[in-house]
Amino acid sequence: MKTVLIFLILTLPTFLSFGENVLHMAESKSITKAEVESLPIAMHGYDVLSYHVDSGAIVGSSKYQAVYNGQRYLFASKENQERFSKNPEKFLPEFNGYCAQSLVEDKLVEADPKLFLIDEGKLYFFSKPQALAKWQLEKESNYTRANKRWKYEAVKLAEQKEARKKWMNEGKVQLFTF
């Protein structure tokens, strides 16, 4: 029997299990294994705890999964999966895993999960070695600038996600002419 963790925004983490490929949740909601597997995999499949616990990027296994904020996280071990369930925000990367230095430069660039830095317990990713080197030259001011830019980007990304969800849920064709 496979075990999966589901995190709902307004509820406490709950341990759940698949029975006949249906995940039964508290409050009589259910989600199929296929629905869980259709969610995007976060962190390119790397175990988010491996950066903090194992000092490196380790690919997670589909055997140990968690769903949090609409993304599926994979873990290298059951211990990492359970530790994540207790405090996911502690382990998540800054800027949703985008390249920290790119935000300083007013861009939003996908990061390489093997290029990272842990500074004061926070996980930062970078797109290339030069970006990591530039970040380290002026960490404090870069963090301030990146954080300011991220506030704008996060709102924009949330609006785009809501728009996609609305269009998918309405179930009708919408025509646009520009």
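Participant: Kindly report on the overall build of the chain, identifying the contributing residues and their values.
Facilitator: Helix and strand counts for the chain come out as seven helices and eight strands. Counting the 178 residues in the chain, one finds 37% classified as buried. Carbon and sulfur atoms make up 54% of the accessible area of the chain, which totals about 11,200 Å².

Participant: Which residues make up the pattern of salt bridges, and what are the values?
Facilitator: Tallied over the full model, the rule gives seven salt bridges. Glu 105 is the partner of Lys 134 in a salt bridge, and the nearest nitrogen-oxygen pair spans 2.9 Å. Of this pair, Lys 134 sits in helix α6 (residues 129–137) while Glu 105 sits in the loop between α5 (100–104) and β7 (112–119), and the two are 29 residues apart along the sequence. The partly exposed category is assigned to Lys 134, whose relative accessible area is 43%.

Participant: Talk me through the nonpolar core; I want residue IDs and the actual numbers.
Facilitator: General note: in soluble globular proteins, nonpolar side chains tend to be found buried as a group. In terms of nonpolar packing, the biggest core is built from 32 residues, with Phe 84, Phe 126 and Trp 135 touching the most fellow members. Mapped by element, the contributors of at least two residues to this core are α2 (48–53), β5 (61–68), β6 (71–75), α5, β7, β8 (122–126), α6 and α7 (139–170). The leading source of residues in this core is β8, at four residues.

Participant: Please provide a residue-by-residue account of the packing of aromatic side chains, values included.
Facilitator: Taken as a whole, this structure holds 12 aromatic pairs when the rule is applied. Residues Tyr 51 and Phe 125 carry aromatic rings whose centres are separated by 5.1 Å and whose planes lie at 85° to one another, so their mutual orientation is edge-to-face. Highlighted residues: Tyr 51 in helix α2 and Phe 125 in strand β8, separated in sequence by 74 residues. Given the relative accessible area of 2%, Tyr 51 is considered buried. Residue Phe 125 is classed as buried on the basis of its relative accessible area of 3%. Centroid distance Phe 95 to Tyr 124: 6.2 Å. Interplanar angle 50°. Geometry classified as tilted. With Phe 95 in the loop between α4 (88–91) and α5 and Tyr 124 in strand β8, this pair connects stretches of sequence that are 29 residues apart. Members of the aromatic cluster, connected to one another through ring pairs, are Phe 95, Tyr 98, Tyr 124, Phe 126, Trp 135, Tyr 143 and Trp 150.

Participant: Tell me what's going on with the pairing of β5, and back it up with residues and numbers.
Facilitator: Remember that side chains alternate between the two faces of the sheet whenever the strand is regular. With five bridges joining them, β5 and β6 adopt antiparallel strand pairing. Opposite Ser 61, over in β6, you have Phe 75 as the bridge partner. Linking two consecutive strands that pair antiparallel, namely β5 and β6, is a turn of two residues; a positive phi of about 50° is found at Asn 69 within it.

Participant: Summarise the environment of Ile 58; cite the residues concerned and give the values.
Facilitator: One can find Ile 58 in the loop between α2 and β5. Looking at Ile 58, the relative accessible area reads 31%, which means it is partly exposed. For Ile 58 and Asp 47, which are 11 residues apart along the polypeptide, the C-alpha to C-alpha distance reads 5.8 Å. Not counting chain neighbours up to four residues away, the residues in contact with Ile 58 comprise Tyr 46, Asp 47, Ser 50 and Ala 76.

Criteria and thresholds
Residues numbered from 1 in each chain as written. Predicted model: local features only at pLDDT ≥ 70, side-chain atom pairs only at ≥ 80, totals over all residues. Heavy atoms only, no water. Helix = DSSP H or I, 4+ residues; strand = E, 2+ residues; numbered from the N terminus. Buried < 20%, exposed > 50% of the residue type's maximum accessible area, 1.4 Å probe, protein only. Areas by Shrake-Rupley, 256 points an atom, 1.4 Å probe, with all protein chains shown as cover. Salt bridge = Lys/Arg side-chain N within 4 Å of Asp/Glu carboxyl O. Core = buried A, V, L, I, M, F, W, Y, C linked by side-chain atoms within 4.5 Å. Phe/Tyr/Trp six-rings, centres within 6.5 Å; stacked < 30°, edge-to-face > 60°. Pairing = 2+ DSSP bridges. Contact = heavy atoms within 4.5 Å.

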